[in-house]
Amino acid sequence: MSSLALINEFLGQPPNASSHGYQIDHILEFCHWFMGALFLGWSAFFIFVLIRFRKRRQPGADHLGVRSGISTHLEFSVVLIEAVLLLGFAIPLWAKRVNQFPPGKEALVVHVVAQQFSFNYHLPGPDGQFGRRDVSFVSNSNPLGLDPNDPAGKDDIVTLGELHVPVNRPVIAELSSKDVIHDYFLPAMRIAGDAIPGSLIPIWFTPIKTGTYEVICAQLCGLGHYGMKGTLVVDTPADYEAWLKERAELAGTQSAPAPGAPKTENKPPQPAASPSPGG
Ligand SMILES: [Cu+2]
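The structure presented is a predicted model; accordingly, all values stated were derived computationally and were not measured. (Residues numbered from 1 in each chain as written. Predicted model: local features only at pLDDT ≥ 70, side-chain atom pairs only at ≥ 80, totals over all residues. Heavy atoms only, no water.)

Enquirer: Would you mind going over a nonpolar patch on the surface with me for this structure?
Expert: A cluster of nonpolar residues, Phe30, Phe34, Leu38, Trp42, Phe45 and Phe48, forms a patch on the protein surface that exposes about 710 Å² of accessible area. Here phenylalanine 48 is to be found in helix α2 (residues 21-52). Assessed through its relative accessible area of 49%, phenylalanine 48 is described here as partly exposed. (Patch = residues over 30% accessible without salt bridge, like charges linked within 9 Å, V, L, I, M, F, W, Y side chains within 5 Å. Areas by Shrake-Rupley, 256 points an atom, 1.4 Å probe, with all protein chains shown as cover. Salt bridge = Lys/Arg side-chain N within 4 Å of Asp/Glu carboxyl O. Helix = DSSP H or I, 4+ residues; strand = E, 2+ residues; numbered from the N terminus. Buried < 20%, exposed > 50% of the residue type's maximum accessible area, 1.4 Å probe, protein only.)

Enquirer: Got a minute to help me understand the coordination of the copper ion in this structure?
Expert: With distances of 2.1 to 2.5 Å, the protein atoms coordinating the copper ion are His182 (ND1), Cys217 (SG), Cys221 (SG) and Met228 (SD). Seen from the copper ion, its four donor atoms lie at angles of 92 to 126 degrees, and the figure they make is tetrahedral. Ordering the donors of the copper ion by residue number gives the pattern H-x34-C-x3-C-x6-M. Here cysteine 221 falls in the buried class, since its relative accessible area comes to 6%. (Donors = N, O, S within 2.8 Å, 3.2 Å for Na, K, Ca; no water. Tetrahedral: all angles 85-135°; square planar, octahedral: opposite > 155°, others 65-115°.)

Enquirer: Is there a simple way to explain the pattern of salt bridges in this structure?
Expert: Should their charged atoms come close, side chains of opposite charge can pair. The tally for this structure, following the rule as stated, stands at four salt bridges. For lysine 229, the salt bridge is made with glutamate 214, and the minimal N-O distance between the two is 3.3 Å. Separated by 15 residues along the polypeptide, lysine 229 in strand β10 (residues 229-235) and glutamate 214 in strand β9 (residues 211-217) bring together distant segments of the chain. A relative accessible area of 52% means that lysine 229 is categorised as exposed. A salt bridge links glutamate 246 to arginine 247; its shortest N-O distance comes to 3.8 Å.

Enquirer: Mind showing me how you'd approach the packing of aromatic side chains here?
Expert: Summed over the entire model, instances satisfying the criterion amount to seven aromatic pairs. Taking the centre distance of 6.5 Å and the plane angle of 35 degrees together, the rings of phenylalanine 45 and phenylalanine 48 count as tilted. With a gap of three residues between them, phenylalanine 45 and phenylalanine 48 both fall in helix α2, about one helical turn apart. Its relative accessible area of 45% is what places phenylalanine 45 among the partly exposed residues. Aromatic side chains tyrosine 121 and tyrosine 184 sit 6.2 Å apart centroid to centroid with 70 degrees between the ring planes, which places their arrangement in the edge-to-face category. (Phe/Tyr/Trp six-rings, centres within 6.5 Å; stacked < 30°, edge-to-face > 60°.)

What follows is the structure in structure tokens.
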């Protein structure tokens, strides 16, 4: 593993923190060494051609060029090898990754809703059920448009910019967007997925190290794209429970304000990071 980290470190990759990440690192490492070998090979061939076909040795141009059929065979072989690599290896490996999701019971499911220029998170709360969302309920204090009349949504947790997950448990993040195409990228988890309006795109990973990791948007989505950063905190199970409890209490005070309490107190949990047009 340590020898593998050579090129990845050079490329600026943060250390891997997910269970499948070493496979990504491995293929990145392999591809770069392979490209290095190709670069050396082609450079040597280029220098050979420069010397072999120099003007002194070849004073007149040859308009017929190569007469043997070897290049046709070579090109056909390259197409064949690449087809085998793509159809025989790359696509089945990718299918394994996108078709075999961890079972819903075992995994933590979270909705990630992107907007210009932040990521919102929606968790089902203690009842394990996501409340209904509708665009007509969207407001500054209700960025995801949770239906206030849906009992399943009463204990739901909505956070902005920061998500906590427990270590060693698969996380399924269902990506969607409120406005334009974003890309939810967790570099340390070696996973990314486009967040597209009107689509629900699931990605999954299993964090294996506790810590605080960067979340970025990997799709040029507007003027505030550069600032579309967030935090993923991988907690121990006990810390995660504590965070959930804290959030659930906040959610409780949000959905059921004390009688007579002014509505303006219904602020998102992290007012400092509230969405502002123009980022
Ligand atoms: Cu974005």
